[in-house]
Amino acid sequence: MKWITREYVKVDRVACPWLIKKFVDKGAEFIFVSADKVMEKAERLDAIPYDVKNVELGHHGKGVLFRGHPEKV
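Throughout what follows, the structure given in this document is the object of discussion. (Residues numbered from 1 in each chain as written. Predicted model: local features only at pLDDT ≥ 70, side-chain atom pairs only at ≥ 80, totals over all residues. Heavy atoms only, no water.)

A short note on the overall build of the protein chain
Secondary structure assignment for the protein chain yields two helices and three strands. Helices (α) and strands (β) of the protein chain occur, in sequence order from the N terminus, as β-α-β-α-β. The proportion of buried residues among the 73 residues of the protein chain is 33%. In the protein chain, the proportion of contacts linking residues at least 24 apart, taken out of those at least 6 apart, comes to 56%. When the accessible area of the protein chain is evaluated, it comes to approximately 5,000 Å², of which 57% is carbon and sulfur surface. (Helix = DSSP H or I, 4+ residues; strand = E, 2+ residues; numbered from the N terminus. Buried < 20%, exposed > 50% of the residue type's maximum accessible area, 1.4 Å probe, protein only. Contact = heavy atoms within 4.5 Å. Areas by Shrake-Rupley, 256 points an atom, 1.4 Å probe, with all protein chains shown as cover.)

Put into structure tokens, the structure is as follows:
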């Protein structure tokens with residue numbers, strides 16, 4: 001499965017691929033694009049967007065992708 005997020009990796013965007021590959025999707029492929037292109041490319045590439053605004057696997061208040069929403073991953 002393909003996973004997509006914003007370019008310019010920071011700590012959370014490095015931790016997410018590690019967690020995804022280790023516990024969710026061992027064959028995961030990660031794509032990093034400019035923030036304004038994430039949703040467009042996610043749809044075109046059939047990729048799961050993460051760590052961007054207004055997506056299921058993103059920030060929710062002070063919670064982040066893997067904290068507070070473990071049932072969604």
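Some details on the packing of aromatic side chains
Counted under the stated rule, the structure contains three aromatic pairs. Taken together, a centroid distance of 6.4 Å and an interplanar angle of 70° make the contact between Trp-3 and Tyr-50 edge-to-face. On the criterion of sequence distance, the pair formed by Trp-3 in strand S1 (residues 2-6) and Tyr-50 in the segment after strand S3 (47-49) is long-range, its members being 47 residues apart. As far as the burial class goes, Trp-3 and Tyr-50 line up, both buried. (Phe/Tyr/Trp six-rings, centres within 6.5 Å; stacked < 30°, edge-to-face > 60°.)

Here we look at a nonpolar patch on the surface
A cluster of nonpolar side chains, Val-9, Val-14 and Phe-32, forms an exposed patch at the surface whose accessible area comes to about 240 Å². Assignment of secondary structure puts Val-14 in helix H1 (residues 11-24). (Patch = residues over 30% accessible without salt bridge, like charges linked within 9 Å, V, L, I, M, F, W, Y side chains within 5 Å. Salt bridge = Lys/Arg side-chain N within 4 Å of Asp/Glu carboxyl O.)

Concerning the pattern of salt bridges
A complete count under the given rule lists one salt bridge for this structure. The shortest N-O distance in the salt bridge between Arg-6 and Asp-51 comes to 3.2 Å. Of this pair, Arg-6 sits in strand S1 while Asp-51 sits in the segment after S3, placing them 45 residues apart in sequence. The exposure class assigned to Arg-6 is partly exposed, which follows from its relative accessible area of 25%.

As for the nonpolar core
Counting eight residues, the largest nonpolar core is built from Ile-4, Ile-31, Val-33, Val-38, Ala-42, Ala-47, Val-52 and Val-55. Looking at this core, the elements with two or more residues in it are strand S2 (29-33) and helix H2 (38-45). In this view, Val-33 contacts Ile-4, Thr-5, Arg-6, Glu-7, Val-38 and Lys-41; residues no more than four positions away in its chain are not counted. In terms of nonpolar packing, the next biggest core, distinct from the first, is built from six residues, Trp-3, Ile-20, Ala-28 and Leu-57 among them. (Core = buried A, V, L, I, M, F, W, Y, C linked by side-chain atoms within 4.5 Å.)

A closer look at a negative patch on the surface
Negative charge collects at one region of the surface, where Glu-7, Asp-36, Glu-40 and Glu-43 lie side by side. Tracing the sequence through the fold places Glu-7 in the loop between S1 and H1. (Lys, Arg positive; Asp, Glu negative; His and termini not counted. Charge placed at Lys NZ, Arg CZ, Asp CG, Glu CD.)

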